[in-house]
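# Structural overview
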Amino acid sequence: CTEHPARSGTLRPMTTRPGAPRGQAYYELDATRNEYLAFHYPDPRRDPLEALLGPRTPPLAERFPYAVAALVPPRPGGRALDVGAACGRVTFDLARNHRVALGIDLSGALVSAARDVAATGRARYAIQQEGEITEELDVPVDTPPNARFAVADALGLPFADRAFDTVVALNLVDRVPDPGRALDELGRVTAPRGTLVVGSPYTWLSEWTPRERWLGGFLRDGRAVRGPESVAARLGAAFRVVRDVRMPFYIPHHARSGQLGMAQVLVLEKSS
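Residues numbered from 1 in each chain as written. Predicted model: local features only at pLDDT ≥ 70, side-chain atom pairs only at ≥ 80, totals over all residues. Heavy atoms only, no water.

Moving on: the packing of aromatic side chains. In the structure shown here, the tally under the stated rule is 10 aromatic pairs. Judged by centre distance (6.2 Å) and plane angle (45 degrees), the rings of Tyr-27 and Trp-208 are tilted. Of this pair, Tyr-27 sits in the segment before helix H1 (30-40) while Trp-208 is found in the loop between strand E7 (190-200) and strand E8 (218-220), placing the two residues 181 residues apart along the sequence. The same class applies to Tyr-27 as to Trp-208, namely buried. Here the aromatic rings of Phe-64 and Phe-249 are separated by 5.9 Å at their centres, their planes lie at 55 degrees, and the arrangement is tilted. Taken together, the positions of Phe-64 in the loop between helix H2 (48-53) and strand E1 (75-83) and Phe-249 in strand E10 (residues 239-254) put the pair 185 residues apart, joining distant regions of the chain. Both residues of the pair, Phe-64 and Phe-249, count as buried. Taken together, Tyr-26, Tyr-27, Tyr-36, Phe-39, Tyr-66 and Trp-208 form an aromatic cluster joined through their ring pairs. (Phe/Tyr/Trp six-rings, centres within 6.5 Å; stacked < 30°, edge-to-face > 60°. Helix = DSSP H or I, 4+ residues; strand = E, 2+ residues; numbered from the N terminus. Buried < 20%, exposed > 50% of the residue type's maximum accessible area, 1.4 Å probe, protein only.)

And the structure:
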């Protein structure tokens, strides 16, 4: 589903590469596919962030997105939805403590990559070392059979009301043209007493979201308006924040460069 760049209902962090294309076209590139496979399924023999930070590096298990599923209550008989799943890491994590987990993304290329990992139990990608020098990797992945993937838009989720016990949306609200509508959709498909996880670095940019639709990152009557508080307010009284966690993330671009950031992750519980 690539013909409508404005409907960028994906949830991944922005790229910091100079000259990289904006919008949905970026997520259809082979280079982007490799980048997010490396982000979701790093080589277990080495940590690219540790190569940069040394002993100060936070453990992989404490970083975003690897630590997200641990924030979700196990629901062995429940249904989970991962909105903006990219290459499927969080979807597989959710599948281990749900009856079924569905990962959706607007990028056909990234959904195809997730399906390939599910079918083969391997993440195969190329890491750029320097310039035109690349390294091919073949990383084994534990792929529960109850994980599924589909192309869908976060601004118009093709699911019934209250369809999922757990809904996860990472790096979504600052990468869609209408964050409020996306949150309305996430709340709509979350079941009563279900869990909704919303995580983002809240990097507001007009290239992705019109300035008038930002949920944070500006002053109103002299007061700073910030994304996490606006997310909770938009979801309304039906949702209660039960955890508020900051998680570092690192997306490698090549052997000595990447995007280091901090996501703020809200875990919310829907009332009955």
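Right, let's talk about the pairing of strand E4 (residues 133-140) for a bit. By the bridge criterion, 8 bridges tie strand E3 (residues 122-130) to E4 in an arrangement that is antiparallel. If you follow Arg-122 over to E4, its bridge partner there is Pro-140. (Pairing = 2+ DSSP bridges.)

Time to look at unusual backbone geometry. For the bond from Phe-64 to Pro-65, the omega torsion is 5 degrees, close enough to zero to count as cis. Mapping Pro-65 onto the fold places it in the loop between H2 and E1. Phi at Ala-86 takes a positive value of approximately 55 degrees, unusual for a residue other than glycine. Here Ala-86 shows up in the loop between E1 and helix H3 (89-95).

Each pair of packed helices gets described by two things: the angle between the helix axes and the distance between those axes. Where helix H5 (residues 179-189) contacts helix H6 (residues 227-235), the two axes come as close as 9 Å, and the packing angle between them is 55 degrees. Looking at the two axes, H5 sits oblique to H6. Crossing of H5 against H6: the hand is right-handed. Mapping the contact onto sequence places Gly-180, Arg-181, Leu-183, Asp-184 and Gly-187 in H5 and Val-231, Arg-234 and Leu-235 in H6. When the residues that make up the contact of H5 with H6 are grouped by side-chain class, the tally is 3 nonpolar, 2 polar and 3 charged. (Axes fitted to C-alpha atoms, helices over the stretch in contact; angles between N-to-C directions. Parallel < 35°, antiparallel > 145°, perpendicular 65-115°, else oblique. Left-handed = near helix turned anticlockwise from the far one by under 90°. Contact = heavy atoms within 4.5 Å. Nonpolar A, V, L, I, M, F, W, Y, C, P; charged D, E, K, R; others polar.)

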